[in-house]
Amino acid sequence: MKNFVVKTIANAGALAVAVWLIDKITLTGDSTGKKIGTLLLVALLFGLVNFVVKPIVKLLSLPLLILTLGLFTLVVNALMLLLTSWLADTFDLSFHVEGFWTAVLGGLIISIVSWALNVVLPDGD
């Protein structure tokens, strides 16, 4: 359980950095508390998408992953971010990613920041 909370906080931090750095990834809210709550819910959605959908997409795109020496992972990460944005819109959360190339850049930033935060934050072991 502790590991799940740490990973969710790392995802929320990484999403916050992407929202801060990229103008076309937006998070709106009336107050800071509402933005933080929305960010945590979006981080949960993002974690769920990465847990359920991403392995299936990676398996189906395995030939492209091999052919591009893993660079197709950037496209997979962008698609997961776009799916998270669509689900957030479906659940009426104020998080939006505008366009594929924005999602590619956002996915790259989220991957780097999430990795760095997972190195710094304690794990559940």
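Our subject in this report is the structure included herewith. Keep in mind it's a predicted model, so treat the numbers as computed, not measured.

1. Section: the overall build of the protein chain
1) Next: Of regular secondary structure, the protein chain possesses five helices and two strands.
2) Next: Listed by position from the N terminus, the elements making up the protein chain come as α-β-α-α-α-β-α.
3) Next: In terms of overall size, the protein chain behaves like a compact globule, its C-alpha atoms giving a radius of gyration of 14 Å where 125 residues would be expected to give roughly 14 Å.

2. A short note on the side chain of K54
1) Next: The topology assignment puts K54 in helix α2 (residues 32–60).
2) Next: The exposure class of K54 is buried, given its relative accessible area of 18%.
3) Next: In this structure the side chain of K54 is engaged in a polar contact, spanning 2.7 Å, whose partner is the side chain of N77.
4) Next: Excluding residues that lie within four positions of it along the chain, K54 makes contacts with V49, V76, N77 and M80.

3. What to know about the packing of α2 against helix α4 (residues 72–90)
1) Next: At a minimum axis separation of 9 Å, α2 and α4 run at an interaxial angle of 135°. Taken together, the axis directions place α2 and α4 in an arrangement best described as oblique. The two elements α2 and α4 meet at a crossing, and its hand is right-handed. Residue-level inspection shows V42, L45, F46, V49, N50, V53, K54, V57 and K58 of α2 in contact with α4, the latter providing T73, V76, N77, M80, L81, L83, T84, L87 and A88.

Definitions and cut-offs
- Residues numbered from 1 in each chain as written.
- Predicted model: local features only at pLDDT ≥ 70, side-chain atom pairs only at ≥ 80, totals over all residues.
- Heavy atoms only, no water.
- Helix = DSSP H or I, 4+ residues; strand = E, 2+ residues; numbered from the N terminus.
- Rg over C-alpha atoms; globule rule 2.2 N^0.38 Å.
- Buried < 20%, exposed > 50% of the residue type's maximum accessible area, 1.4 Å probe, protein only.
- Polar contact = N/O pair within 3.5 Å; in protein donor to acceptor, adjacent residues only side chain to side chain.
- Contact = heavy atoms within 4.5 Å.
- Axes fitted to C-alpha atoms, helices over the stretch in contact; angles between N-to-C directions.
- Parallel < 35°, antiparallel > 145°, perpendicular 65-115°, else oblique.
- Left-handed = near helix turned anticlockwise from the far one by under 90°.

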